[in-house]
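Coordinate analysis (summary)
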Amino acid sequence: MSFVQVIFYLFAVMMLVAALRVITVRNPVHAALFLVLTFICTSVLWLMLEAEFLAIVLVLVYVGAVMVLFLFVVMLLNINIESLREGFVQYVPVGILIALALFVQMIIIVGPNHFGLQDSVLTIGPNYFAQKNFAYPAPAAAEYSNTEMLGRAIFTDYLYPFEIAAVILLVAIIAAISLALRKRTDTKRQNPAQQIQVRKQDRLRIVKMEAEE
Amino acid sequence: MNGFDSNELILLIPEIFVLATACLILVIDLFLSEQHRNVTFYLTQLSLFFTFLLTLELPSDTVLYAFNSSFILDTMAIVLKCAVYVVTAGAFCYARPYLKQIDLHKGEFYVLGLFAMLGMMVLISANHLLVLYLGLELMSLSLYTLVALNRDSAQSTEAAMKYFVLGAIASGMLLYGISILYGISGSLDIPLVADSVTHSLFDRIVLLFALSFIVVGVAFKLGAVPFHMWVPDVYQGAPTAVTVFVGSAPKIAAFAMAMRLLVGTLGDLHAEWQGMLIVLAVLSLGLGNVVAIAQSNIKRMLAYSTIGHIGFILMGVLSGTAAGFSAAMFYSIVYALMTLGAFGVVILMSRAGFEAENLDDYKGLNEKHPWFAFMMLVFMFSLAGVPPLVGFHAKLAVLRAVLEVDLVWLAIVAVLFSVVGAFYYLRIIKLMYFDSAESELLIDKPLDMKVALSLNGLLVLGLGIMPGVLMGWCFSAFA
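I will try to describe carefully the structure that is included in this document.

Looking only at helices and strands, chain A has 10 helices and 2 strands in total. Seen in sequence order, chain A has helices and strands lined up from the N terminus as α-α-α-α-α-α-β-β-α-α-α-α. Taken over 213 residues, chain A has a buried fraction of 19%. Counted over contacts in chain A with a minimum sequence separation of 6, partners at least 24 positions apart contribute 44%. Looking at chain A as shown, the accessible area adds up to about 16,700 Å², and 68% of this sits on carbon and sulfur atoms.

Have a look at this one:
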C-alpha cells in the first residue's frame, strides 16, 4: 500500500466513524463536534483529489462559520433529545433493512465492478463515454491553479447555474426573515427619535372645567 | 469552453424580467404602508402580464439554446411557461381577498410567488441537469416558505415541515440518480447524457440504478402513489390562498421536469421506465380516487383527486409516443386550470372566521348564488371528465394514446377508477343543487376575484367546446 493509500484509508475510516457518531451520540454538542471532525476528514480527502480550494473553503465556511452557529443554536435552545427519540426503536428494523439493501446495491453497482480504475490513459473526447472503466487521472502540473480553474468554470460554463444559485440564496434570506422576524409590541423599548418628535398636543389635554363655587 | 454570446440573453428576457421585477417589488413593498398593500398586488399582476407579452415575442418555431446549451427554448417551453403565467395570475387574484381576511396580506406572498414561478420557468427550460435541479430547488424553497407563511398556525407549520423534509429526501434521491448519470457520461448536459446512455458500454443495471432514483425523485415531486404522503397534509394544512397556488402551477413544472428527465435524458430506457410508471399510475389512480370518497374536508378531497389526476398524466408520459406526450401536456395544463377554479370557489365561499372547508358548507349554494354554483358545477364536471367540458378531452386524449401502444388493460383500469372518482365530484353538485342551505352563505369577495373566477370557469367551458387551439399547441410541441 502506498503512502497516499494509507492516508486515504486513515481519513476515510475516521470520517465514517465520525459520521456514525453524529447520529448515535446522545449529547447534541458532541454530535456537532463529530460533524466538525467529519468535515475536516472530508476536506483532507478533497486535498488528495487536488481540489485545494474546495478543501480550504469547506474548513473555513463549514467548520469555521456554519458549525459555530450550529453549536450556538444547540447550546441556546434547550432541546429535549429523549422526546425526539420516541419511536426510534420502532422504526429501527425497517431502517436497517432498507439501509442494508441500499448498501449492497451500492457496492455491486457503484463499486469497482463498474466504476473501477484501469492503468490506461484517460481519453477525453467523443469516446469518453464508451469506456467502461476509468483511467487514473493524470496529476495536474505544478503551475496549475485550482482556484483559477474553478473561477473560470463558474463564470463561463456555469454562469447560468451560478446566477440561479444566487437567486436561491436571496429566496432563503427572504424566507428566513419573513418566517422569523417578529415585531414585538409588548417590549418597553424606547425610540429617541419618536420621543423628540413628540408635540404638546399629543400628550397634553386641556379640559375646560366649570369653576367651582 | 465556448465563448459567451450576449445575443443569447434575449432568449432569457422573460426570466430576467421576472427576477428584476421580483426584486423591485420586494423593495417597493418595504416602503408601502399597510393600507397600500394592494399596490404590491397590482404591480405583481402587471409584471406577470408583461412577462406573458415578452414570452409571446420569442420565436417559437425553432429550438434555440443559450448559455452553452444549458438553456433550451422550444415550443413546449413557451406553451408551458405561458400556462404557468396565466395560472399564477389567477392564483394571486384568488389569494388576495383570502389573505386579507386572515390578516396575512403581506408583500412576501407575492414576491415568493414570483420567485417560485421563476423556478418553474428555469425548470421548464432546463437543458442541463444542474440547472434543472437548481430550478426545482428555487421553486420548492419558495413553496415551502409560502406554506409556512401563516406561522402562528400549528397546522400550517406542520404541513410546511412535512413538505420540506419529504421534498429534501426527494431532492436527495434525484441528485443521487443524477450523480450516477454523471459518472456514466462525464457530463451534465442533457443531450450529452442522453447520447452516452444510448452508446454506453456500462451494464444495463447501472443505468437502471440511476433510473430508479430519478423516477423516485420525479414521483415524489408529482405526488404519485406511493410517494404521495405529503400531498393531503400540505393541501389541507396550508392557507387556502397558498394551496390554490401550490396545487396548480407547480404541476405544470413537474410535468416538464418528468419530460426533460425521463424522455429527454433517459429516453433510451423507455421500456424500463414504462413499467415503473405503469405501477405508479395504477396505484395513483386507485388510491387517489378511492380515498377521496372518504374525505369530508374539501381541500383534502381535492388533494386526493390530484393524486388520481397525476395517474392520468403519468399514463400519457409512459405511452412514449408524441401523441402521449402532447396528451399529458394538455392534461397538466387543463388540470392546473380546473384545480385553480375549484380552490377559487373554496376561497370565494370562505369569510373571516369561516373556512368553507367542509363539504356540507356547500349545501344549497344554487339557491343563493346560482352563478357561482354553476361555476363549481363546471369545475367538478370537468374534473370528473364529463363532456363537453375540457377535462373530458384531456382524459380522452390520454386514453387514446395509451390504446395506441396496446395497453388496453391500463385504459380500462383508468376508466373504471374515473367512474369511481366521478362519485365524489357529483356529490358536491348534489349538495349544491339538491340540498337546502343550512347557513346564509354570504359572499364578501371583491369584484376582481368574481370576474377572474367567472373567466376561469368560462375558459374551462370554452376550451371544452373548442379544445383544438390548445391541443394544437400541445401537438406542435412534439411534432
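What follows covers the side chain of Ser-187 of chain B. Residues and elements named next belong to chain B. Looking at the element boundaries, Ser-187 is found in the loop between α6 (154–185) and α7 (190–199). Of note is the side chain of Ser-187, whose polar atom sits 3.1 Å from the backbone nitrogen of Asp-189. Apart from the residues within four sequence positions on either side, Ser-187 is in contact with Tyr-182, Leu-192 and Val-193.

Residues and elements named next belong to chain B. The tally for this structure, following the rule as stated, stands at 2 cavities of 30 Å³ or more. Taken as a whole, the largest cavity encloses approximately 150 Å³ of empty space. Per-element tally for the lining of the largest cavity: the top contributor is α6, with 4 residues. Broken down by class, the residue content of the lining of the largest cavity amounts to 11 nonpolar, 2 polar and 2 charged. Looking at the second largest cavity, its volume works out to about 90 Å³. Residue lining of the second largest cavity: 16 residues in total, with Asn-289, His-309, Leu-383, Lys-395 and Ser-418 positioned closest to the centre. Counting residues per element, the lining of the second largest cavity draws most heavily on helix α18 (residues 408–434), which supplies 6 residues. Of the residues that constitute the lining of the second largest cavity, the class distribution is 9 nonpolar, 6 polar and 1 charged.

Turning our eyes to something else, we now look at the side chain of Thr-243 of chain B. Tracing the backbone through its elements, the reader meets Thr-243 of chain B in helix α10 (residues 240–246). Not counting residues within four places of it along the chain, the set of residues in contact with Thr-243 of chain B comprises Tyr-235, Ala-238, Lys-299 and Phe-343 of chain B.

Residues Met-315 and Met-329 of chain B are the most contacted members of the largest nonpolar core, which totals 203 residues. The element contributing the most residues to this core is helix α14 (residues 322–349) of chain B, with 20 residues. Leave out the neighbours within four places in its chain, and Met-329 of chain B touches Met-76, Val-79, Leu-80, Phe-255, Cys-474, Ala-477 and Phe-478 of chain B. Counting 7 residues, the second-largest nonpolar core is a separate cluster that includes Ala-32, Val-36, Val-63 and Leu-71 of chain A.

Conventions used here
Residues numbered from 1 in each chain as written. Chains lettered and ligands numbered in written order. Predicted model: local features only at pLDDT ≥ 70, side-chain atom pairs only at ≥ 80, totals over all residues. Heavy atoms only, no water. Helix = DSSP H or I, 4+ residues; strand = E, 2+ residues; numbered from the N terminus. Buried < 20%, exposed > 50% of the residue type's maximum accessible area, 1.4 Å probe, protein only. Contact = heavy atoms within 4.5 Å. Areas by Shrake-Rupley, 256 points an atom, 1.4 Å probe, with all protein chains shown as cover. Polar contact = N/O pair within 3.5 Å; in protein donor to acceptor, adjacent residues only side chain to side chain. 1 Å grid on protein atoms, 1.4 Å probe; cavity = no way out; pocket = protein on both sides within 12 Å on 5 of 7 lines; lining within 4 Å. Points joined across faces, edges and corners; volume = space filled by probe spheres on them. Nonpolar A, V, L, I, M, F, W, Y, C, P; charged D, E, K, R; others polar. Core = buried A, V, L, I, M, F, W, Y, C linked by side-chain atoms within 4.5 Å.

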